[in-house]
Every structure is written in C-alpha cells, then in structure tokens.
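So the chains spell out like this:
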Amino acid sequence: MHISSGRWVYGFLLTLLTALLWGILPIKLKQVLQVMDPVTVTWFRLTVAGGCLFVYLALTRRLPSRKVLGPKGGWLVGMAVCGLVGNYVLYLVGLKMLSPGTAQLVVQMGPIFLMVASVFVFKERFSRGQVLGLLVLMVGFGLFFNQRLLELLTSLGTYTAGVLTVLLATSIWVFYALGQKQLLTVWNSLQVMMVIYLFCAVLLTPWAHPLEALDLSPLQGWLLLACCMNTLVAYGAFAEALAHWEASRVSATLALTPLVTFVAVALAAWLWPAYVHAEEINALGYFGALIVVLGSAMVALAPSLLAGLKARRLRLAS
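Residues numbered from 1 in each chain as written. Predicted model: local features only at pLDDT ≥ 70, side-chain atom pairs only at ≥ 80, totals over all residues. Heavy atoms only, no water.

Per an unreviewed UniProt entry, the protein is named DMT family transporter, and its organism is Pseudomonas azadiae. Of the comments in the UniProt record for the protein, the one headed Subcellular location (unreviewed entry) reads "Membrane". (UniProt positions renumbered as here; feature names shortened; annotations may be inferred.)

Structure follows, in structure tokens:
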C-alpha cells in the first residue's frame, strides 16, 4: 500500500495550487463548450497533456516500465483510466447545464467520497473531529442550494439533471484517484499521469471530432490550450500532493475550490460581462459555500489538532 512521504507542507502547497487551477477551469471550459462537444474537449486535453509528458519523460529517459507493475498493475491502470474518462466527460456534460460555481461545488463531493474511501482502502485515520467536519460540509451544501432545493428534490429538469450528472462524475472520479494513488508505489507522479492520459485519449479517439477546433474563435482556441495546460499542471500537482500527504487531507483541502471559482467568476463577469455571467446565488448560498470551506478545514485539521492536544496532555502529565 502507498505510504505518504510525510512532507505535509509541500503536499499542502501542491493541493492549494490544484484548487486554484481547478477553480478557474470551468470558466474556460464553459466558453469552449459553446462550439465543441464534451468528448472532443476531453480528448484534446488528455492528448496534449499526455503528449507533453511523454516527450519530457522520453528526453529524460524516465519512461515508465511495464515490468514493475506486477500482476495487478493492469487492473489499477484500467480502473484509473475508466475513472478519469468518466469523470471528465460527465463533468463537461453537467457543466453545459449548470453555472461554473454550482458545477464546481457539486464536484467537491468527489474529494469527500475519496476521503471516506481512503479510510477503508488505505487505512487512514478518520477521527470524530473529521466526522463533525463532514457534517458541517453537508450543512453547507444544503445552504448553498437553498434557492433550488425544492426543484432538486421534486423534479428532473435541466438543473437537477446537471447536478446529478456532475455528482455521478464525482463518484466515478474516486476510482481514478484510488487507482492513481496505488500506482505511485511503482511509478512517480509524472509517469502515472502520462500513462493514464494517453490511455484515456486512445479510449476516446473513436468518438472525438478534432476538426471542431477549426470552428473556435481565436479567444476560444487560446482557452482550449489553457484548459490543456491546466490539465497537465493541476493533475500533476494533485498526483504529487498524494505522494506527500494523506489522501483524506488532500481531498478536504480541495473543498476550497468552489470559493476560487466564485471569486474568479465575479472578477470575470466584471471584466468581461459579454462572455461571463455572474452567479445567480443569494447571500445564504454564499454563506453556505463558506460553511463548506469551514467544514473542509475541520476535516483537514482535526487529526493534527487532536494529536497536538494529546501530546500536550502527555507532556503535562509527565
């Protein structure tokens, strides 16, 4: 089983970088999806990111070896590939029906699912403080959806379908994250991402329409390129963070991502109102988003705080 290196500060900073990049990603994707279909956008992102990693690893003579995988390695790669493809495509399908902020908040259920799964798969600790933090997160989600809660529970319109689609995408993402973390026992993070990206791109090739890129405006073309680079850097940082920090704490810190999206949408709507529309959320909804962040902080910090209190008590007792 994979064991974190213990360099938690490095892992924490990498997780914050991931949250920043993931936070601004749906704004760019929303513009590109006006012309291209979700499968083709995903194919471009994975092909460019995987190709860049392949060139770099080939030049540095660090391409991954199949021999070190062992008998179960193929299943791990397959699980990670299917998880990432399903997550990428379904997320974009849902994003077409939702605002960037709403889609990104629903996506945060993925790290929560990963946090729970890590307790059973990687035997990571899950204290009472983390349980309390998880409950606070759920309350925050409820407050965020206060304007559309009745619609979510009683109808299957576009909004509800979008939320359910993104929620399904987050569930599938857990298989990718668990498979990737275990692959880090035999390959480094760059090697893992190269293999997963390229296999995903090959899997999607029969359904991709690359010529759709010719219909993009110059601005949309640059945004597509930015999405590809975002995929490379953000998931690279995420993979490296998992190598140095416990998966449960990485996933909890990533709950900051929706706040990044809300701030980015507000700035973009102010600077480029013709392209980006402000979120239609009331004050209680924004308060709910803050509660989500509070809950994530409780989940992330509870083990360290409890360990510190226990150590202090032992010092005082001695």
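From this point, the narrative continues.
(A) The arrangement of the overall build of the protein in detail. Regarding its fold elements, the protein presents 13 helices and zero strands. When the helices and strands of the protein are read in sequence order from the N terminus, they spell out α-α-α-α-α-α-α-α-α-α-α-α-α. Radius of gyration (C-alpha) of the protein: 20 Å, near the 20 Å computed for a compact globule of 318 residues. Taking all 318 residues of the protein together, 52% fall into the buried category. Summed over all atoms, the accessible surface of the protein reaches about 15200 Å², with 73% contributed by carbon and sulfur. Each charge sign in the protein was given a centre, from 20 positive and 9 negative side chains, and these centres are 19 Å apart. (Helix = DSSP H or I, 4+ residues; strand = E, 2+ residues; numbered from the N terminus. Rg over C-alpha atoms; globule rule 2.2 N^0.38 Å. Buried < 20%, exposed > 50% of the residue type's maximum accessible area, 1.4 Å probe, protein only. Areas by Shrake-Rupley, 256 points an atom, 1.4 Å probe, with all protein chains shown as cover. Lys, Arg positive; Asp, Glu negative; His and termini not counted. Charge placed at Lys NZ, Arg CZ, Asp CG, Glu CD.)

(B) Seen up close, a nonpolar patch on the surface. A grouping of Leu219, Val263, Leu267, Trp270, Leu271, Trp272 and Tyr275 is seen on the molecular surface, where their side chains present a nonpolar patch of about 820 Å² in accessible area. With four residues, the single largest contributor to the nonpolar patch is helix 12 (residues 257–271). With respect to the helices and strands, the residue valine 263 is situated in helix 12. (Patch = residues over 30% accessible without salt bridge, like charges linked within 9 Å, V, L, I, M, F, W, Y side chains within 5 Å. Salt bridge = Lys/Arg side-chain N within 4 Å of Asp/Glu carboxyl O.)

(C) Fine view of helix 9 (residues 189–204). A rise of 1.5 Å per residue sets the reference length of helix 9, with its 16 residues, at 22 Å; its end C-alpha atoms lie 23 Å apart and thus fit the reference within 8%. All buried positions along helix 9 are accounted for by Ser189, Gln191, Val192, Met193, Met194, Val195, Ile196, Tyr197, Cys200, Ala201 and Leu204. Among the structural elements, helix 2 (38–59), helix 3 (73–95), helix 8 (158–183) and helix 10 (218–244) are those in contact with the buried residues of helix 9. Where helix 9 begins, the side chain of asparagine 188 points an oxygen toward the backbone nitrogen of leucine 190, at a separation of 3.1 Å. (Expected span 1.5 Å × (residues − 1). Contact = heavy atoms within 4.5 Å. Polar contact = N/O pair within 3.5 Å; in protein donor to acceptor, adjacent residues only side chain to side chain.)

(D) Spotlight on the pattern of salt bridges. The tally for this structure, following the rule as stated, stands at one salt bridge. Residue glutamate 151 is joined to arginine 148 by a salt bridge in which the shortest nitrogen-to-oxygen separation is 2.7 Å. For glutamate 151, a relative accessible area of 25% corresponds to the partly exposed category.

(E) Layout of the layout of surface pockets. Quantified by volume, the largest pocket comes out at close to 430 Å³. Forming the walls of the largest pocket are 22 residues, and the residues nearest its centre are Leu98, Ser99, Pro100, Ala278 and Glu279. Elements with a minimum of two residues in the lining of the largest pocket: helix 1 (8–32) and helix 4 (100–107). Top element by residues in the lining of the largest pocket is helix 1. It accounts for three residues. (1 Å grid on protein atoms, 1.4 Å probe; cavity = no way out; pocket = protein on both sides within 12 Å on 5 of 7 lines; lining within 4 Å. Points joined across faces, edges and corners; volume = space filled by probe spheres on them.)

(F) Region of the structure containing the packing of aromatic side chains. In this structure the tally under the stated criterion is six aromatic pairs. Between tryptophan 43 and phenylalanine 44 the ring centres are 5.2 Å apart and the planes differ by 80°, which places this aromatic pair in the edge-to-face class. Between phenylalanine 262 and tyrosine 286, the aromatic rings sit 5.8 Å apart at their centres with planes inclined by 80°, giving edge-to-face as the arrangement. Here the residue phenylalanine 262 occupies a position in helix 12, and tyrosine 286 occupies one in helix 13 (residues 283–317), the gap between them amounting to 24 residues. An aromatic cluster is defined as three or more aromatic residues linked by ring pairs; in this entry it consists of Phe144, Phe145, Phe262 and Tyr286. Sitting over the face of the ring of tyrosine 159, arginine 148 holds its NZ or CZ atom 3.8 Å from the ring centroid. (Phe/Tyr/Trp six-rings, centres within 6.5 Å; stacked < 30°, edge-to-face > 60°. Lys NZ or Arg CZ within 6 Å of the ring centre and 35° of its normal.)

(G) Here's a closer look at the state of the cysteines. Across all of its chains, the model carries zero disulfides by this definition. Lacking any disulfide linkage, cysteine 228 is separated from the closest cysteine sulfur, that of cysteine 227, by 6.9 Å. (Disulfide = S-S within 2.5 Å.)

(H) View of the nonpolar core. Judged by nonpolar contacts, the single largest core of 87 residues is most densely connected at Leu84, Tyr91, Tyr176, Ile196, Tyr197, Tyr235 and Phe238. A total of 13 residues in this core trace back to one element, the largest contributor, which is helix 10. In this structure, Ala264, Val265, Ala268 and Ala269 belong to the second largest nonpolar core, which totals six residues. (Core = buried A, V, L, I, M, F, W, Y, C linked by side-chain atoms within 4.5 Å.)

(I) Spotlight on the environment of methionine 109. Here methionine 109 is to be found in helix 5 (residues 109–121). Relative accessible area serves as the criterion here: at 12%, methionine 109 is assigned to the buried category. Between the C-alpha atoms of methionine 109 and leucine 92, which are 17 residues apart in sequence, the distance is 16 Å. For methionine 109, the contacting residues outside a window of four places in its chain are Met138, Phe141, Leu167 and Thr170.

(J) Spotlight on unusual backbone geometry. Phi at arginine 61 takes a positive value of approximately 55°, unusual for a residue other than glycine. The residue arginine 61 is located in the loop between helix 2 and helix 3 in this model.

(K) Spotlight on the environment of valine 116. Along the chain, valine 116 turns up in helix 5. C-alpha separation for the pair valine 116 and threonine 102, spaced 14 residues apart in sequence, amounts to 23 Å.

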